[in-house]
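Fold and geometry: a report
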Amino acid sequence: MNADVLGPDYETRALPLGGDTTATLVRRRARQATRGAVLHVHGFADYFFQRHVAEHFTARGFDFYALDLRAYGRSLRPGQVANFVTDLAEHFEEIDAAVRVIREEDGHRHLVVMGHSTGGLITSLWAHERRSDDVLDALVLNSPWLDLAEPWLLRTVGTAVIRGVGRFAPRLVLRPGLGPVYGESIHRDHHGEWDFDTAWKPIEAFPVHAGWLRAIRRGHARLHRGLEVPVPVLLLRSGRSHLGAKRWTPEAMTADTVLDVRHMVQWGPRIGPRVRVVAVEGGMHDLFLSAEPVRRRALAEVDEFLDEL
């Protein structure tokens, strides 16, 4: 393990993957890890920087780990297309590698996996594929991306087009970014309270490539058909969405400005037989970056869920 940008309580480890790619595992130890480990997986145009989340779980007896996926954050290398894969299953390799470190090297018998946004989709698909391997005890989803936040026509006809274009021109840029509203809502230089590296997490996100969006839509379709994640699942969502805004307004501070929370309600139960969906009123897209009373409430929901395991 090496020193991390978050400070002396954090360590990182490179996880070599196929080819010249790597992922990065971040670790913060608890004083006494009596309850096992938590592994956090971020979303699109993101990386792990949420010290307060790590501190929350280490204070409750969990060793905390976070994975910066290939071509994201700490794992982004010169010449790589940021945040780009053509199959979400590619990310299973780094999750498996992280789990091996946590279980085999660090000796944890109990593991909770926690996914945010795109990470919520990836970890759900991964947990389904590893359902017979007994590698995790619970899954926590923070505003998971379970469908396109677009009108019906784009979710249907548009998806058919994306599948064709993404297959034959995977690096075609469909959108230059996602707009500034959410980034400005959380960064302290704008309207938020958080500091993060905008080279790793740009305010308007990274370009959306056709091959990556094709992979996302294939992942959505697989989830919509129904997964078989056997462990308890907690799905946290905001109480409402506020979509389509081109400029920041105060309303962005109390709603999900990235995803449609109705899709989380609709598709969440397809993840497995033991899914609990909880609305956190006043939450932003990342509930743990919302206003202090809201994020405290979201983390309390996770605590209650884990106490019942």
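What comes next is a walk through the structure. As the structure is a computational prediction, the values presented were derived from the model and not from experiment. (Residues numbered from 1 in each chain as written. Predicted model: local features only at pLDDT ≥ 70, side-chain atom pairs only at ≥ 80, totals over all residues. Heavy atoms only, no water.)

Notes on the packing of helix α1 (residues 51-59) against helix α8 (residues 292-307)
For the record, the criterion: Note on method: axes are straight lines fitted to C-alpha atoms, helices fitted across the in-contact stretch only, with angles between N-to-C directions ranging 0 to 180 degrees. Comment: elements are numbered from the N terminus, with helices defined as DSSP H or I runs of at least four residues and strands as E runs of at least two. The sense of a crossing depends on the near helix, which, turned anticlockwise from the far helix by less than a right angle, makes the crossing left-handed and, turned clockwise, makes it right-handed. Pairs of residues are marked as contacts when any of their non-hydrogen atoms sit within 4.5 Å. Each residue is assigned to one of three groups, with Ala, Val, Leu, Ile, Met, Phe, Trp, Tyr, Cys and Pro labelled nonpolar, Asp, Glu, Lys and Arg labelled charged, and all others, Gly among them, labelled polar.
Running from amino to carboxyl end, α1 crosses α8 at an angle of 35°, the nearest separation of the two axes being 12 Å. When the axes of α1 and α8 are compared, the crossing they make is right-handed. In this structure, α1 uses His52, His56 and Phe57 to contact α8, whose residues at the interface are Arg295, Leu299, Val302, Asp303 and Leu306. By residue class, the composition of the contact of α1 with α8 is four nonpolar, two polar and two charged.

What about α8?
Rule in force here: To estimate the expected span of a helix, subtract one from its residue number and multiply by 1.5 Å. A simple rule labels every residue: compare its accessible area, found with a 1.4 Å probe on the protein chains alone, to the largest value its type can have, and call it buried under 20%, exposed over 50%, or partly exposed in between.
In this model, α8 (16 residues) spans 22 Å end to end at C-alpha, consistent with the 22 Å of a helix rising 1.5 Å per residue. Residues Val294, Arg295, Ala298, Leu299, Val302, Asp303, Phe305 and Leu306 constitute the buried set of α8. Among the structural elements, α1, β5 (62-68), β6 (111-116), β7 (138-142), β10 (233-238) and β11 (275-280) are those in contact with the buried residues of α8.

So, the nonpolar core
Which entries qualify depends on this criterion: Here, nonpolar core means buried Ala, Val, Leu, Ile, Met, Phe, Trp, Tyr and Cys residues that are tied together by side-chain atoms lying within 4.5 Å of each other.
Leu39, Leu67, Trp126 and Trp212 are the most contacted members of the largest nonpolar core, which totals 57 residues. When near neighbours in sequence (up to four residues on either side) are disregarded, leucine 39 contacts Leu25, Tyr65, Ala66, Leu67, Ala98, Val99, Ile102, Leu111, Val112, Val113 and Met114.

A look at the pairing of β11
Selection rule: When DSSP locates at least two bridges between a pair of strands, those strands are taken to pair. Orienting the strands away from the viewer, one traces the path from the first strand over the helix to the second; a clockwise path indicates a right-handed crossover.
Alignment of β10 against β11, held across six bridges, turns out to be parallel. Each residue of the ladder has a partner; that of leucine 236, found in β11, is valine 278. Taken together, β10, helix α7 (residues 261-267) and β11 constitute a β-α-β crossover, and its handedness is right-handed.

None of this, on its own, says anything about what the molecule does.
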